[in-house]
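Here is what each chain is made of, one letter per residue.
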Amino acid sequence: MKVIICGAGQVGFGIAERLAQEDNDVSMIDTSEALIGTVTETLDVRGYVGHGAHPDVLAKAGADQADMIIAVTLHDEVNIVACEVAHALFSVPTKIARIRAQNYLKPEYADLFSREHISIDVIISPEIEVGKMVLRRIAFPGADDIVRFADDHIVMMAIECMEDCPVVNTPLAQLSQLFPDLVATVVGVFRDGKAEAVRSQDQLAVGDLAYVICKKDHIQRTLDLFGHEEKEAQRIVIAGGGNIGYYVANAIEEKQPRTRIKIIERGRARAEAISDQLRNAIVLHGSVLDQKILLEAGVQDADLLVALTNDDQSNMLSAVMAKQLGCKSNLVLLNDLSFQTLATSIGVEAYVDPRAVTVSRVLQHVRKGRIRSVYSVQKGGAEVIEAEALETSPLVGKTFRELDLPEGVRIGALYRDGVVLQPSGDMKIKARDRVVLFATLAAVRHVEQLFRVSIQYF
């Protein structure tokens, strides 16, 4: 696949890195010569210095032969125009744009991005996606990661196996026997720096990060089974009142009105604006690194500090300071991969990676076959995939016992006619089933083949 990426920042670099690993033909455009230099020296991609929305620059990057353009510059308007130019002049089939300004995304303007108006096939709003991720992490503090599939009926969780984890050193097959009414399947593990799919005879060990696919209604039971009984936070301090901070606070006010929220925002105008828009949250104007402001926000009595500023260092330091002042837990937003490695060693308990969320959305449209959703884990080491089985799929009509799945693939759940099913030896996959599975990076291409549309289908 030939792909053009406009924007060589952290998000663009992450997308290019992943696509280049899979032998796609990638070209990158950015106005910064330094960024393009870094990309071309590090990755197997072609780089072009210039404006991503200019026709001559797109032409040099090979837009006339491109299968996809992904516009992820820092400016919404550049992303919009780049996609429109790619459509109008070069007939690029798939156009993906990152849109950050929420005014573009209001329901009353839903028809704006359509072939009749501005021709963009996929809109990625990192603020909303990250905000949803933060809310899920707040709702289920025992999970290190949590993503929903199959119209929110199926959930993938990453759960750390602690010293007191009841399920370690037990063959996974026995878990289904011990808890027959629990619709949850361990599909993968991150151990010794490597993501791997597991088999029914495998066992979990202390220190493992287990990937579990379960029915939405069984999230808390699954966490309890792993020994995670952390309580949902009732007193939350949010550091940063930008788009994500406001989204999170507003959602909590609507869904959990008893939760007490305080927000610290550095910009006075922004602090006043969100204070007017929120009903119950208290907004404080000041720096998240000011100990007096943290104390005024009551961080010493808070259950959770959520650091959502645009600055990784501020997020980490405010989380550490809050912990020292008495805050029970913290969750921070981290863009820089190097900071993610450092974070846990200095007292950051949990973080959300916005780049991973954006890359996952893009991969969903890069993957071949009937792939409905993709979530990348462990910096691309594996993916959790939701795919639709068609009549021509080699999976259909065979029992799970008969399936010859590629190495590195484990199926966690099926979604059929509104019902979530846990795989068992005698169960058969039917056409139109939505299959949620875990696949290592090396196995992803095999998964695409399993769910591709055969010519006989037509």
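Residues numbered from 1 in each chain as written. Predicted model: local features only at pLDDT ≥ 70, side-chain atom pairs only at ≥ 80, totals over all residues. Heavy atoms only, no water.

*Asks:* Residues and numbers for the UniProt feature "domain: RCK C-terminal" (unreviewed entry) in the protein, please.
*Replies:* Feature annotation in UniProt places "domain: RCK C-terminal" (unreviewed entry) on residues 144–228 and 372–453, given in this structure's numbering. Secondary structure across residues 144–228 comprises 16% helix and 36% strand; the distance between its end C-alpha atoms is 11 Å. (UniProt positions renumbered as here; feature names shortened; annotations may be inferred. Helix = DSSP H or I, 4+ residues; strand = E, 2+ residues; numbered from the N terminus.)

*Asks:* Any chance you could break down the UniProt feature "domain: RCK N-terminal" (unreviewed entry) in the protein for me, citing the residues and the numbers?
*Replies:* As annotated by UniProt and renumbered to match this structure, "domain: RCK N-terminal" (unreviewed entry) occupies residues 1–124 and 233–352. Span residues 1–124 is 35% helix and 22% strand, its end C-alpha atoms 20 Å apart. Within the segment residues 233–352, helix and strand shares are 42% and 21% respectively, and the terminal C-alpha atoms sit 17 Å apart.

*Asks:* If you had to explain the pattern of salt bridges to someone new, which residues and values would you point to?
*Replies:* Tallying each qualifying case throughout the model produces 26 salt bridges. A salt bridge links Arg434 to Glu386; the nearest nitrogen and oxygen atoms lie 2.8 Å apart. Of the two residues, Arg434 sits in strand E22 (residues 434–440) while Glu386 sits in strand E19 (residues 382–388), which places them 48 residues apart along the sequence. Judged by relative accessible area, Glu386 falls into the buried class, the value being 3%. A network of salt bridges, in which partner residues are shared, links Asp151, Arg370, Arg372, Glu386, Glu388, Arg432 and Arg434. (Salt bridge = Lys/Arg side-chain N within 4 Å of Asp/Glu carboxyl O. Buried < 20%, exposed > 50% of the residue type's maximum accessible area, 1.4 Å probe, protein only.)

*Asks:* I'd like to hear about the packing of helix H5 (residues 126–139) against helix H13 (residues 354–366), residue by residue, with values.
*Replies:* Viewed as axis vectors pointing N to C, H5 and H13 meet at an angle of 115 degrees, and their least axial separation amounts to 9 Å. Between H5 and H13, the crossing angle belongs to the class labelled roughly perpendicular. When the axes of H5 and H13 are compared, the crossing they make is right-handed. Along its contact with H5, which presents Pro126, Glu129, Val130 and Met133, the element H13 presents Pro354, Val357, Thr358 and Arg361. (Axes fitted to C-alpha atoms, helices over the stretch in contact; angles between N-to-C directions. Parallel < 35°, antiparallel > 145°, perpendicular 65-115°, else oblique. Left-handed = near helix turned anticlockwise from the far one by under 90°. Contact = heavy atoms within 4.5 Å.)

*Asks:* Provide a residue-level description of the environment of Ile15, including the pertinent values.
*Replies:* Summarising the element assignment, Ile15 is placed in helix H1 (residues 10–21). Residue classification places Ile15 among the buried positions, given a relative accessible area of 1%. Separated by 344 residues in sequence, Ile15 and Val359 have C-alpha atoms that sit 5.6 Å apart. The residues touching Ile15, leaving out its near neighbours within four places in the chain, are Ile5, Ile70, Val72, Val359 and Val362.

*Asks:* Describe the sheet that holds E19, and please don't skip the residues or the numbers.
*Replies:* If you trace the five strands from one edge of the open sheet to the other, you get E18-E19-E22-E20-E21, paired in antiparallel fashion. The sheet is open, and its two edges are formed by strand E18 (371–377) and strand E21 (419–421), each paired on a single side. Going across the sheet, the axis of each strand differs from the next one's by a mean of 20 degrees, ignoring polarity. Both strand E20 (residues 409–416) and E22 contribute to a ladder of six bridges, which runs antiparallel. For Tyr415, the partnering residue across the bridge sits in E22 and is Arg434. (Pairing = 2+ DSSP bridges.)

*Asks:* Mind laying out the pairing of strand E1 (residues 2–6), listing which residues take part and the relevant values?
*Replies:* Of all the five residues making up E1, five are buried; the element is thus mostly covered by neighbouring parts of the structure. Because side chains alternate across E1, one face comprises the buried residues Lys2, Ile4 and Cys6, and the other comprises Val3 and Ile5, equally buried. Pairing geometry for E1 and strand E4 (residues 68–71), over four bridges, is parallel. In the strand pairing of E4, Cys6 is matched with Ala71.

*Asks:* Could you give an account of the sheet that holds strand E11 (residues 209–215), naming the residues involved and the relevant values?
*Replies:* Pairing within the open sheet is antiparallel, and its five strands lie in the order E7-E8-E11-E9-E10. The two strands at the open ends of the sheet, each matched to only one other strand, are strand E7 (145–149) and strand E10 (194–197). When the angles between neighbouring strand axes are averaged without regard to direction, this sheet yields 20 degrees. Pairing geometry for strand E9 (residues 184–191) and E10, over four bridges, is antiparallel. Looking at E10, one finds that Phe190 is bridged to Ala195.

*Asks:* An account of the side chain of Asp30 is needed here, citing residue identities and associated values.
*Replies:* Its location among the elements puts Asp30 in strand E2 (residues 25–30). Within the structure, the side chain of Asp30 is placed 2.7 Å from the backbone nitrogen of Ala8, a separation counted as a polar contact. Polar contacts involving the side chain of Asp30 include one to the main-chain amide nitrogen of Ser32, which spans 2.8 Å. (Polar contact = N/O pair within 3.5 Å; in protein donor to acceptor, adjacent residues only side chain to side chain.)

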